[in-house]
Amino acid sequence: RVLFRSMKAVIAEDDSAYCKTFLPNGASTVSAVTGIVTGFADANLYLTTMPEAFAAAYPTASAPQLAKLGYQTNFWYAGPATWERIGAFVKAQGYDNFYGRGDFSADAPGSVWGCDDEYLYQMVMAGVPADQPSFNVVLNVSNHSPFSVDIEKAGFDKEAVRAALPPEARDDEALLKQLGHFWYEDKMMAEFIAAAKKKYPDSLFIIIGDHADRYNVEKIPSSYERYGIPLIITGGSVKKSLLPPEAAGSQIDVVPTLLEMIAPADFHYYSLGKSLTRGNHQGVNYGFWITAGFIGKADAEDLAPEAIEMNSTGFDQQELRDYIDAIRSISWWRPKYGPELDPALLERD
């Protein structure tokens, strides 16, 4: 959830909207991938290993629906195509092109996870078609351990950051290294967005974290600080009023939000999620739920709500419970058993 000056400056721009109550699809990067690619919530299924996911794209998959609108669909990943079978998976789910570490310059520095962010963004800028609208998912890796970016060369002022830390943390070199990589990711992303806006003035960006709860700067973070991620929409004709104050959601709500922004009024699409521009006020993932005022545990009988702010107002607990059960049930049944609602299929297992 760390937002440094660069992305905070993007949020402050007139063509940006920001939702601060948003959840990742799961506790790992692959859950984020499956959420954006298939439209299903994390329901304890490993979709990148299921044969059905490679047989045909799901009706809720993002790429085929964007293709109907005339967009070329591309997936850009800083790492190898073999990681979690990501290359084959996204192609099976309808993406026209997948670009991974093997497609980038062999001289591009990086780690075991993939090339450094600046080289990923250079590849995207050079590869996005200029003569056709395109939908591009970009997955970076530089804020991930083992933290191998040359952050000093990139301009990170470690001593200035050290001086800004509480006295008890100033000698924590591991923390400074982590913060340097967060700074690097933030800087590279903001520069990429600025360059892309200049090259493609009508471009639209949706920026989300892939997951949370990996590196917590605070020793005892609240549930909101520990499990939430930011959602930023910027570019095109975006206005700050795009997202209502009560907007909240999770990664399965990203694609319907995008479709409601760009598709014509008579366009039909399939989605478990709901657009944040059309009143979506709740999100759920593998273990948690969120609204504009509260966050809690999805598996707790009483939902274990924790207020996000002191003046948070109440919510409809039964409505939220019904939503959690519905999203989880469909996200589990459809990939496992297909489109038929036949109880006999359960007996087979």
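Up top is the structure.
Residues numbered from 1 in each chain as written. Predicted model: local features only at pLDDT ≥ 70, side-chain atom pairs only at ≥ 80, totals over all residues. Heavy atoms only, no water.

**Considering the packing of aromatic side chains**
Counted under the stated rule, the structure contains 17 aromatic pairs. Here tryptophan 76 and tyrosine 99 contribute two aromatic rings whose centre-to-centre distance is 4.2 Å and whose plane-to-plane angle is 20 degrees, an arrangement assigned as stacked. Residue tryptophan 76 is located in strand β2 (residues 72-77), and its partner tyrosine 99 is located in strand β3 (residues 97-99); the two are separated by 23 residues in the primary sequence. On the basis of relative accessible area, tyrosine 99 is assigned to the partly exposed category, the value being 22%. Clustering of aromatic rings is evident, with ring pairs tying together Phe75, Tyr95, Phe98 and Phe135. Over the face of the ring belonging to phenylalanine 54 we find arginine 85, whose NZ or CZ atom lies 4.1 Å from the ring centre. (Phe/Tyr/Trp six-rings, centres within 6.5 Å; stacked < 30°, edge-to-face > 60°. Helix = DSSP H or I, 4+ residues; strand = E, 2+ residues; numbered from the N terminus. Buried < 20%, exposed > 50% of the residue type's maximum accessible area, 1.4 Å probe, protein only. Lys NZ or Arg CZ within 6 Å of the ring centre and 35° of its normal.)

**Some details on helix α2 (residues 29-38)**
The element α2 is extensively covered by neighbouring structure, given that ten of its ten residues are classed as buried. Taken residue by residue, α2 has Thr29, Val30, Ser31, Ala32, Val33, Thr34, Gly35, Ile36, Val37 and Thr38 as its buried positions. Against α4 (62-68), β2, α5 (86-92), β6 (134-139), β7 (204-208) and α11 (254-262) lie the buried residues of α2. Once α2 finishes, glycine 39 follows within two positions and takes phi at roughly 85 degrees, a positive value. (Contact = heavy atoms within 4.5 Å.)

**What about helix α12 (residues 317-337)?**
Residues spaced three or four apart along an α-helix face the same direction, because each turn holds 3.6 residues. Spanning 21 residues, α12 covers 30 Å between terminal C-alpha atoms, matching the ideal 30 Å at 1.5 Å per step. Here α12 has its buried residues at Leu320, Arg321, Tyr323, Ile324, Ile327, Arg328, Ser331, Trp333, Pro335 and Tyr337. Here α12 starts with a cap whose side-chain oxygen sits 3.1 Å from the backbone nitrogen of glutamine 318, and that cap is aspartate 316. Count one or two residues on from α12 and you reach glycine 338, which has phi positive near 90 degrees. (Expected span 1.5 Å × (residues − 1). Polar contact = N/O pair within 3.5 Å; in protein donor to acceptor, adjacent residues only side chain to side chain.)

**Structural notes on empty space enclosed by the protein**
Applying the stated criterion across every chain, the model contains four cavities of 30 Å³ or more. In terms of lining residues, the largest cavity is bounded by 14 residues, among which Gly39, Thr60, Ile252, Val255 and Pro256 are the most central. Elements with a contribution of two residues or more to the lining of the largest cavity: α2 and α11. If you tally residues by element for the lining of the largest cavity, the top one is α11, at three residues. Grouping the constituent residues of the lining of the largest cavity by class yields seven nonpolar, seven polar and no charged. In this structure, the second largest cavity occupies an estimated 50 Å³ of space. Taken together, Gly110, Ser111, Gly114, Cys115, Asp116, Val141, Ser142, His144, Phe147, Ser148, Val149 and His181 make up the full set of residues lining the second largest cavity. (1 Å grid on protein atoms, 1.4 Å probe; cavity = no way out; pocket = protein on both sides within 12 Å on 5 of 7 lines; lining within 4 Å. Points joined across faces, edges and corners; volume = space filled by probe spheres on them. Nonpolar A, V, L, I, M, F, W, Y, C, P; charged D, E, K, R; others polar.)

**So, the layout of surface pockets**
Its boundaries defined by the atoms lining it, the second largest pocket holds a volume of some 260 Å³. In this structure, the second largest pocket is lined by Leu165, Pro166, Glu168, Ala169, Asp172, Leu175, Leu179, Asn216, Val217, Glu218 and Lys219. Considering only residue class, the lining of the second largest pocket consists of six nonpolar, one polar and four charged.

**Thoughts on the nonpolar core**
Nonpolar side chains in soluble globular proteins generally cluster together in the buried interior. Membership of the largest hydrophobic core comes to 81 residues, with the highest contact counts inside it found for Phe75 and Ile86. Looking at which element gives the most residues to this core, the answer is helix α9 (residues 173-199), with eight residues. With residues near it in sequence (within four places) discarded, isoleucine 86 still touches Val33, Phe75, Tyr77, Pro80, Ala81, Phe98 and Leu139. (Core = buried A, V, L, I, M, F, W, Y, C linked by side-chain atoms within 4.5 Å.)

**Some remarks on the pattern of salt bridges**
Counted under the stated rule, the structure contains ten salt bridges. Residues glutamate 13 and lysine 197 are paired through a salt bridge, measuring 3.1 Å at the closest nitrogen-oxygen approach. Taken together, the residues span a long stretch of sequence, with glutamate 13 in the loop between α1 (5-12) and β1 (16-23) and lysine 197 in helix α9 at a distance of 184 residues. For glutamate 13, a relative accessible area of 34% translates into the label partly exposed. A relative accessible area of 17% places lysine 197 in the buried class. The salt bridge involving glutamate 260 is made with arginine 278; its shortest N-O contact spans 3.8 Å. Note that glutamate 260 is positioned in helix α11 and arginine 278 in the loop between α11 and β10 (283-284), a separation of 18 residues in sequence. If you follow the salt bridges from partner to partner, you end up with Lys158, Glu159, Arg162 and Glu173 in one network. (Salt bridge = Lys/Arg side-chain N within 4 Å of Asp/Glu carboxyl O.)

**As for the environment of glycine 155**
Among the structural elements, glycine 155 can be located in the loop between α7 (151-154) and α8 (158-164). Owing to a relative accessible area of 46%, glycine 155 belongs among the partly exposed residues under this scheme. When the C-alpha atoms of glycine 155 and alanine 247 are compared, they prove to be 36 Å apart, with 92 residues separating the residues in sequence.

**What to know about the pairing of β1**
Of all eight residues in β1, six are buried; the element is thus mostly enclosed. When β1 meets strand β8 (residues 229-235), the two strands line up antiparallel, connected through five bridges. The residue of β8 that forms the bridge with alanine 17 is isoleucine 233. Here two bridges tie β1 to strand β9 (residues 249-250), and the two strands are oriented parallel to one another. Within β9, the position partnered with leucine 23 by the bridge is serine 250. (Pairing = 2+ DSSP bridges.)

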